[in-house]
Amino acid sequence: RCADGAALRWCITGVLCASFLGLGMSIAVLGPTFPSLAANVRKNVSDIYFIFVGRSLGYLGGSVVGGVLFDCMNATLLLALSMLGTTAGLYAIPWCKNSLLLTVLMSVIGGSMGILDTGGNVLLLNTWGAEAGPHLQALHFSFAAGAFLAPILAKLALGDSESEELAGAEKTNQSVLKSVPTASAASTTPAPKDHHNEELLWPYIIIGTYILFIAIFFFVLYSKGSSARDKSKASAQKGRLAKHHWALVGLLFVFFLFYVGAEVTYGSYVFTYALVFAEMTESEAAALNSVFWGAFAACRAAAIFGAAFLSPATMILMSLSCSAASSTALAFFAHYRALLWAGTAVYGASMATVFPSGISWIEQYTVVEGKSACLFVVGGALGEMCIPAAVGYLQGRFHHLPVTPYAAFATSVMTALLFPVMYKLANAPQESDVKEVSDSETQKALLSNSRLTEDEEDEEEEREWNDADFEVIEMNDKLKNSLTDTSCRIAGHSPAQVSLQPHRDDVLGDPPVLAGGSPGRQNGNVDWEKSE
């Protein structure tokens, strides 16, 4: 049974990593296919920017709804349904000819992605518990790998369609040069084929089919009842909430907002920054951008093995230290070309492990449920939306200032200040711990008092016994003296005088009797009988 449980946990982890690979592909495929989407709905590229807003809003809504539903229903069933929603949206996009409908489809896909992002992290935490660190790193590395593969897949599909379109255009030109078409021939000539639908078809169909298979695997896990054990384990841990649980969740929300915002901002603007302020060529700027994302992906892959040996707090401290050092170099010493390249690489590597390490870290101190995880995802999504927009606005207002590295430095300072506060709150003693400590101290005090009382009683008994011994000794001395006096009186007085002595003793009280009887009392009784 233990072997079956371990195999089931590894199956859940594998399916979750595969789903996050699809999540990365679903998000990244929009970039290279964006011009084809605009042409498919007969709009300019600048006129359909709102599909990004629709997807972001859907992502936020899906994160919130997923966080609530995750605490109410089976986790694998919820993730399977979200994957089906993503598949349906990806299948429908190539056939969409209306910009408003395209925005709705993007919102549906974003909502499904938000549910997957929230539920996947919580399900993995419930599956592995304290051992979830390396698996969380693998989960988020799968997302980065999917985001890396999607542009390549789109490029292959779009390249084939473009080559076919160019070949068809060349054949048409050759036929036109050979013969001039008549009016009847022109009227019977078919209209040029719309290649935009074909360009969009294969990338979205391939990714949608892949995600459909992942949804089937989630349904299989649901039929096995895999998350029942995880739910019972999570419910059993609800008493382990930290003393400042919601304060920790709120601070980590802000922490992820600055972290994800900094990551997306630098990755989005480093190309423009390199062209304008570093005076690089386009190929050099593209290489600098690739260095950032390459270091990001490589460090996230290495963190899978590093998390098995390092604690989440150690990994976060290492990331924050590298981020602060590299952002300082980028903000104030970027005019040295070597520091620009090295700072970009180190900054990308420092961004790689913060999000999964942060979730692993807080799970050590409190219970991470659906509502808590949705706040983490929402914080990251808000940072991805707000900070790049703010940096773009400031760069437009202040053309002469390199706002991008300054923003990287400012966010590094904010995260470096937030983490010690979170660490202090996380290690605050809980009320139960304080109660246990006070109870133990009370028990110790009672034990010490009882011991003191017993010692005092023993000393008192010893003192009483000593006093009794002294009294017995004094009484013996008095008795000896009285016997001596009595014997002297018997020897020097008349029998009549002696006979009065016992009567006097009866009036005053009997003298103490030693063991074996009082000789004086016996002699007195004999004399009294003789007088009678």
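Owing to the predicted nature of the structure, the values given are computational and were not obtained by experimental measurement.

Glancing now at the overall build of the chain. Of the regular secondary structure elements, the chain holds 19 helices and zero strands. A buried classification covers 40% of the 532 residues belonging to the chain. For the chain, the exposed area adds up to about 28,100 Å²; of that, 65% sits on carbon and sulfur atoms.

Moving on, we get to the packing of helix α4 (residues 75-92) against helix α5 (residues 99-128). In contact at an axis separation of 8 Å, α4 and α5 are set at 155° when each is read in the N-to-C sense. When the axes of α4 and α5 are compared, the pair comes out roughly antiparallel. In the crossing of α4 with α5, the sense of the turn from one axis to the other is left-handed. Packed against α4, whose contacting residues are Ala75, Thr76, Leu78, Leu79, Ser82, Met83, Gly85, Thr86, Gly89, Leu90 and Ala92, the element α5 presents Leu105, Val108, Ile109, Ser112, Met113, Ile115, Leu116, Gly119, Gly120 and Leu123 at the interface.

This part takes up the nonpolar core. Among the nonpolar cores identified, the biggest contains 99 residues, and Phe218, Phe255, Leu340 and Trp361 are the most heavily contacted of them. No other element matches the 13 residues that helix α10 (residues 245-276) contributes to this core. Here this core spans two domains, since at least three of its residues come from each of domain 1 (1-159 + 198-225) and domain 2 (242-429). With sequence-adjacent residues up to four places away left out, Leu340 is seen in contact with Tyr266, Tyr273, Ala278, Met280, Leu288, Leu330 and Ala334. One finds Leu257, Ile387, Val391 and Val403 within the second-largest nonpolar core, a separate group that totals five residues.

All chains considered together, the criterion is met by 15 aromatic pairs. With a centroid separation of 5.3 Å and an interplanar angle of 65°, the aromatic rings of Tyr266 and Tyr347 are classed as edge-to-face. Taken as a pair, Tyr266 in helix α10 and Tyr347 in helix α13 (residues 337-351) lie far apart in primary sequence, 81 residues in all. Tyr347 matches Tyr266 in its accessibility class, with the two residues each being buried. Ring geometry for Trp361 against Tyr365: centres 5.3 Å apart, planes inclined by 55°, an arrangement best described as tilted. Neither residue differs from the other here; Trp361 and Tyr365 are each classed as buried.

Quantified by volume, the largest pocket comes out at close to 1,600 Å³. Forming the walls of the largest pocket are 42 residues, and the residues nearest its centre are Ile27, Phe143, Val264, Trp293 and Glu384. Every element with two or more residues in the lining of the largest pocket is listed here: α1 (2-28), α2 (30-40), α3 (50-70), α5, α6 (133-178), α10, α11 (282-306) and α15 (370-397). Of all the elements, α6 adds the most residues to the lining of the largest pocket, at eight residues. Among the residues making up the lining of the largest pocket, the classes are represented as 30 nonpolar, seven polar and five charged. Both domains that furnish three or more residues to the lining of the largest pocket are identified here as domain 1 (1-159 + 198-225) and domain 2 (242-429).

Packed helix pairs are characterised by how far apart their axes lie and by the angle those axes make with each other. Where α10 contacts α11, the axes come no closer than 6 Å and their chain directions differ by 155°. With respect to α11, the element α10 is oriented roughly antiparallel. Seen from α10, the contacting residues are Tyr259, Glu263, Tyr266, Gly267, Val270, Phe271, Ala274 and Leu275; seen from α11, they are Glu282, Ala285, Ala286, Leu288, Asn289, Phe292, Trp293, Phe296 and Arg300. The residue inventory of the contact of α10 with α11, partitioned by class, reads twelve nonpolar, two polar and three charged.

Moving on: the environment of Ala329. Here Ala329 shows up in helix α12 (residues 312-332). Under the relative-accessibility criterion, Ala329 is labelled buried at 14%. In this structure, the C-alpha to C-alpha distance between Ala329 and Leu339, residues ten residues apart in sequence, is 6.6 Å.

Within the fold, Thr127 resides in helix α5. Among the polar contacts listed, one links the side chain of Thr127 to the backbone oxygen of Leu123, at a separation of 2.6 Å.

Its location among the elements puts Lys224 in the loop between α8 (196-223) and α9 (226-236). Using a relative accessible area of 63% as the deciding quantity, one classes Lys224 as exposed. Linking Lys224 and Leu8, residues 216 residues apart in sequence, is a C-alpha distance of 9.3 Å.

This prediction gives the chain a mean pLDDT of 75; 68% of its residues lie at or above 70. Note that pLDDT drops below 50 for residues 161-194; the model gives that stretch seven contacts with residues more than four away or on any other chain. In this model residues 493-532 is a low-confidence stretch, pLDDT under 50, and it forms 19 contacts with partners more than four residues away in sequence or in other chains.

Conventions used here
- Residues numbered from 1 in each chain as written.
- Predicted model: local features only at pLDDT ≥ 70, side-chain atom pairs only at ≥ 80, totals over all residues.
- Heavy atoms only, no water.
- Helix = DSSP H or I, 4+ residues; strand = E, 2+ residues; numbered from the N terminus.
- Buried < 20%, exposed > 50% of the residue type's maximum accessible area, 1.4 Å probe, protein only.
- Areas by Shrake-Rupley, 256 points an atom, 1.4 Å probe, with all protein chains shown as cover.
- Axes fitted to C-alpha atoms, helices over the stretch in contact; angles between N-to-C directions.
- Parallel < 35°, antiparallel > 145°, perpendicular 65-115°, else oblique.
- Left-handed = near helix turned anticlockwise from the far one by under 90°.
- Contact = heavy atoms within 4.5 Å.
- Core = buried A, V, L, I, M, F, W, Y, C linked by side-chain atoms within 4.5 Å.
- Domains from an automatic or database assignment.
- Phe/Tyr/Trp six-rings, centres within 6.5 Å; stacked < 30°, edge-to-face > 60°.
- 1 Å grid on protein atoms, 1.4 Å probe; cavity = no way out; pocket = protein on both sides within 12 Å on 5 of 7 lines; lining within 4 Å.
- Points joined across faces, edges and corners; volume = space filled by probe spheres on them.
- Nonpolar A, V, L, I, M, F, W, Y, C, P; charged D, E, K, R; others polar.
- Polar contact = N/O pair within 3.5 Å; in protein donor to acceptor, adjacent residues only side chain to side chain.
- pLDDT = per-residue confidence, 0-100.

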